[in-house]
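# Structure at a glance
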Amino acid sequence: MRSDVLLRRLQSLDIELTPCGDELHFNAPKGALTPELLQEMKTHKQELLAMLRYGIPTARLYPYLGKAVKVPSGEGILWQVFADRVGVVIGGKVRFYKQEEINQ
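Let me sum up the structure you'll find in this document. Keep in mind that this is a model prediction, so the values were computed, not measured.

## Notes on the sheet that holds strand S6 (residues 93-97)
- One open sheet holds the four strands; their spatial order is S3-S4-S5-S6, and the pairing between them is antiparallel. Edge positions in the sheet fall to strand S3 (68-71) and S6, since each of these pairs with one other strand and no more. Each adjacent strand pair in this sheet contributes to an overall mean axis angle of 50°, direction not counted.
- Where strand S4 (residues 74-81) and strand S5 (residues 86-90) come together, four bridges link them in antiparallel fashion. Bridge pairing links leucine 78 to valine 88 in S5.

## A closer look at the packing of aromatic side chains
- Counting across every chain of the model gives zero aromatic pairs.
- Across from the ring centre of phenylalanine 96, 5.0 Å away, lies the NZ or CZ of arginine 85, which sits over that ring.

## Side note on the environment of glutamine 39
- Assignment of secondary structure puts glutamine 39 in helix H2 (residues 35-43).
- Between the C-alpha atoms of glutamine 39 and glutamate 100, which are 61 residues apart in sequence, the distance is 30 Å.

## Here's the deal with the nonpolar core
- Core analysis: the biggest nonpolar cluster contains 12 residues, these being Leu6, Leu7, Leu10, Ile15, Leu17, Leu24, Ala32, Leu37, Met41, Leu48, Leu49 and Met51.
- Of all the elements in the fold, those that place two or more residues in this core are helix H1 (3-12), H2 and helix H3 (45-54).
- Once residues within four sequence positions are removed from consideration, leucine 37 is found in contact with Leu6, Arg9, Leu10, Leu13 and Ala32.
- With 10 residues, the next largest nonpolar core counts Leu78, Val81, Val86 and Val88 among its residues.

Scoring rules and cut-offs
Residues numbered from 1 in each chain as written. Predicted model: local features only at pLDDT ≥ 70, side-chain atom pairs only at ≥ 80, totals over all residues. Heavy atoms only, no water. Pairing = 2+ DSSP bridges. Helix = DSSP H or I, 4+ residues; strand = E, 2+ residues; numbered from the N terminus. Axes fitted to C-alpha atoms, helices over the stretch in contact; angles between N-to-C directions. Phe/Tyr/Trp six-rings, centres within 6.5 Å; stacked < 30°, edge-to-face > 60°. Lys NZ or Arg CZ within 6 Å of the ring centre and 35° of its normal. Core = buried A, V, L, I, M, F, W, Y, C linked by side-chain atoms within 4.5 Å. Buried < 20%, exposed > 50% of the residue type's maximum accessible area, 1.4 Å probe, protein only. Contact = heavy atoms within 4.5 Å.

Given below as structure tokens:
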């Protein structure tokens, strides 16, 4: 399950998620959180944390940190993701792009 779909599923079940540092705290109605959903939360923890902190568009890039991505001026290594832009290392220098300019 994609992390954005998982977040919407959890919200539809009234499961509240709260980022707390590197931990993901949750409050769920009795019986709402199945073992399968808990495993999905563990699997997608970093993406869920990012979505809760920065929104879904930002979170889609987190799995690509440290990996090659395509940008308008070529290809580089995704270095940092901010709420409104991303940093990409190209030729030893960091360049900033809008999120929508990044292709995985």
